[in-house]
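Notes for the structure review
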Amino acid sequence: MKKTSGKSTRGKRQSNSRSGQPRKRTGQENGENQENDLQKLFVDELADIYNAEQQLTKALPKLAKAAESDVLRQAFEDHLEETTEQLSRLDEVFRALGESPKRKTCKGMQGLIEEGKEVMEEHEGTEAVDAALIACEQKVEHYEIASYGTLCAWAERMGNSEALDLLKENMEEEEATDEKLTQLAESLANERAEQSA
Ligand code: FE
Ligand code: FE
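Presented here is an overview of the structure given in this document. (Residues numbered from 1 in each chain as written. Chains lettered and ligands numbered in written order. Predicted model: local features only at pLDDT ≥ 70, side-chain atom pairs only at ≥ 80, totals over all residues.)

Considering the environment of Cys136
Where we set the bar: A run of DSSP states H or I qualifies as a helix once it reaches four residues; a run of E qualifies as a strand once it reaches two. Both are numbered from the N-terminal end. Placing a C-beta atom from the backbone of each residue, one calls two residues in contact when those atoms lie within 7 Å.
Here Cys136 lies in helix H5 (residues 129-157). In sequence terms Cys136 and Leu112 are 24 residues apart; their C-alpha atoms lie 7.4 Å from each other. Setting aside anything within four residues of it in sequence, one finds Cys136 in contact with Gly116 and Val119.

In structure tokens:
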């Protein structure tokens, strides 16, 4: 294992309770059924991305409908199918943890979708519409990649390989979608938007 410096800052960073009392430790040392703070955080983040994916199953058909080119429409439709599959994987992750999906609204995704709506309205019917749609969806993909990246790191830390494998699959689909959208922007949408004058 790599050693960084002699003095560890770990204890300092973690003693964030005002009373100076050590934080309550649950989990392994207190029995299997009690969750530690990382597990709680994990379940919260999982609920957040679950809701984000749910919001996307409603937004992606709208993006597909607004797309000018057939390839872009197809890309949105394909990703809608993947998104449904991603939700089933998230169900499995909840099961792997012995939890049920908690209700939570992902405000980040709400904001991205809201902004996407505005952009769509502003550029509807123009040659730039596909470039605009791609820009919106890539922000969404990056948000998802960030969430899955975090969840994968936590699943690994928690030693939950079942959850890790499922989350990795979702993350890889988001990355592939992001790359596909870059290709479509560069091969088609950006040029079309530029040549409209
Ligand atoms: Fe997704
Ligand atoms: Fe996605």
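Description of the environment of Val140
Relative to the helices and strands, Val140 is located in helix H5. C-alpha of Val140 to C-alpha of Gly116: the two residues are 24 residues apart in sequence and 9.5 Å apart in space. Excluding its chain neighbours within four sequence positions, the residues that come into contact with Val140 are Leu56 and Leu112.

What about helix H4 (residues 107-123)?
The criterion, for reference: Each helix should span, by expectation, one fewer than its residue count multiplied by 1.5 Å. Here a residue counts as buried when 20 or more other C-beta atoms fall within 10 Å of its C-beta, as exposed when 12 or fewer do, and as partly exposed in between; the C-beta atoms come from the backbone. The arc in question is traced by the directions running from the helix axis to the C-beta atoms.
Along its 17 residues, H4 runs 24 Å from first to last C-alpha, staying within 8% of the 24 Å computed at 1.5 Å per residue. Those residues of H4 that fall on the buried side of the exposure criterion are Met109, Leu112 and Gly116. Buried residues along H4 cover an arc of 60 degrees about the axis, so they all sit on one side. The outward face of H4, more than 90 degrees from its buried face, is lined by the exposed residues Lys107, Gly111, Glu114, Glu115, Glu118, Glu121 and Glu122. Lining the buried residues of H4 we find helix H2 (37-66) and H5. Downstream of H4 by one or two residues, Gly125 has phi in the positive range, about 75 degrees.

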